[in-house]
Amino acid sequence: MQMWMGTTASGRYSLTGGSTAREGAGQPAGRRPRASDPSPPPSARHLEHLLTVAVDRPGTSATASTTTGLLGLAGLTSLGAGAIHAAAIGVHSEHRSAVVAFTAVAALQLAWGVLALVRGTRLVAVLGLLIGTGVLAGWALAKVSGISFIAGLDEAEPLQTADGLAAGLALTSVLALGAALWTWRSARPGLRAPLPLMAVGVTALTVFGMVTAGSHAHAAGDGHGSVAAGHHADGAGAADHVQDASAATVPYDPTKPIDLSGVEGVTPEQQAAAENVIAVTLHGLPQWADPTYAEANGFHSIGDGFTGIEHLMNEANMDDDVILDPDVPESLVYDTSGGGRRLVAAMYMLKRGTPLEQAPDLGGNLMQWHTHDNLCYNAEGKVRGITDASGACRAGLVKPVETPMIHVWLEPHPCGPFAALEGIAGGRIPDGEEVLCDHAHGD
């Protein structure tokens, strides 16, 4: 038998055997072919029955299969972005339209990611490119001007860790898809990427993004007032949000002249007192910007940094007779959503056990004090739970004496400079009063 190599119309190089049923053609009837008889050259029909070898020209199916590396990368990063968006659904639960939007985006990214890993076709790539481009456009709009028709996303938001990672993964997916489609179009060799290694990297980024999604702050301007509110919450309060007492009509920006005028029922004296508290705090509180310095001077964390906001308390300052003084604040509030600790507010407190009704009425409706009667601490002073239906803490935890407190922010806040925290972190306000600003800023 002889072996012949030929080329098919598809461009594949092939091997075929020269000995077939026609080998005896042209021999006298009844004469058996001899071993010495030459074999005829393979016909066109022979070449259609091939033993294919792995040598391909550009543009053939094997070249197209090399794009699975790019499609695989696009699929993995789409799955990662979808998982982060899914993790953020619950923290937007106060706005149904935002929940629907996040659910839709997560479902599309997750579904397409799976499809890309199991079926790498041009149609799948084009579909993924459309989905990824749309998601990125929506993300950019939310950052620049807000999405007016989606409640909870209708105000521009700063770039934060979780949404930045999700957008980065989505962008990687789009770029990989563009490269894959270009490879198909130009019939150039594609990328054979190490998918297992990429999967490990994407998974690590995704897990980190899902964790930080719990402390993502939206519509607050600078991430202050994100989740769970420090000394006011623990894991159970991780979905708490920022709200204000009564300064809803006076959005606050400390980079501009302080002006709290225009609030109904506030006297000029009350306005001046409130503005003075802000001015003194802005001037004096930055001395505590370094949390290490604060800890060296008697402050200790209550262990809520994982929520995106961490409170440092000073027991000695809580028992003195000084109030609203940035030189001896009872509590310092740090934003931890970016990985470090950035001082964003003071949390002034009255003496322990002071009834809420006895809180000073310095700023009228501009300043609203509150207390907490549902938080449970361990022996080390860390918040570790909330009270049950009967108002009791579980064994091993204690409920501290209720103490009136108020925030003064160092950073811009749409609900004013004295904005409190919402949900579990919002606390209890005096009977007969109501919280006038109910914007949700943290997730």
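See above for the structure.
None of these values were measured; they are calculated from a predicted model. (Residues numbered from 1 in each chain as written. Predicted model: local features only at pLDDT ≥ 70, side-chain atom pairs only at ≥ 80, totals over all residues. Heavy atoms only, no water.)

Asker: What am I meant to see in the layout of surface pockets here?
Answerer: Over the atoms, a rolled probe matching the size of one water molecule traces out where space is still vacant. Size it by volume and the second largest pocket reaches roughly 300 Å³. Lining the second largest pocket are 20 residues, with M313, M318, R352, Y377 and P400 positioned closest to its centre. Counting only elements with at least two residues in the lining of the second largest pocket, the list comes to helix 10 (315-318) and strand 9 (375-377). (1 Å grid on protein atoms, 1.4 Å probe; cavity = no way out; pocket = protein on both sides within 12 Å on 5 of 7 lines; lining within 4 Å. Points joined across faces, edges and corners; volume = space filled by probe spheres on them. Helix = DSSP H or I, 4+ residues; strand = E, 2+ residues; numbered from the N terminus.)

Asker: Where do I start with the nonpolar core in this structure?
Answerer: As a rule of thumb, nonpolar side chains are buried together in soluble globular proteins. If you look at the biggest cluster of nonpolar residues, it comprises 44 residues, and the most contacted ones within it are W288, L332 and F418. Mapped by element, the contributors of at least two residues to this core are helix 8 (268-284), strand 6 (309-313), strand 7 (331-335), strand 8 (342-349), strand 9 and strand 11 (405-409). The element contributing the most residues to this core is strand 8, with 7 residues. One finds L70, L76, L177 and A180 within the second-largest nonpolar core, a separate group that totals 22 residues. (Core = buried A, V, L, I, M, F, W, Y, C linked by side-chain atoms within 4.5 Å. Buried < 20%, exposed > 50% of the residue type's maximum accessible area, 1.4 Å probe, protein only.)

Asker: What is the right way to look at the state of the cysteines in this model?
Answerer: Cysteine pairs can be linked by a disulfide, which is a covalent bond between their two sulfur atoms. Applying the stated criterion across every chain, the model contains 1 disulfide. Each disulfide pairs two cysteine sulfurs, and for C376 the partner residue is C393, the sulfurs being separated by 2.0 Å. In this structure the cystine formed by C376 and C393 twists about its S-S bond by roughly -90 degrees; its chirality is therefore left-handed. Of this pair, C376 sits in strand 9 while C393 sits in the loop between strand 10 (383-386) and strand 11; the two residues are 17 residues apart in sequence, bridging distant segments of the chain. (Disulfide = S-S within 2.5 Å.)

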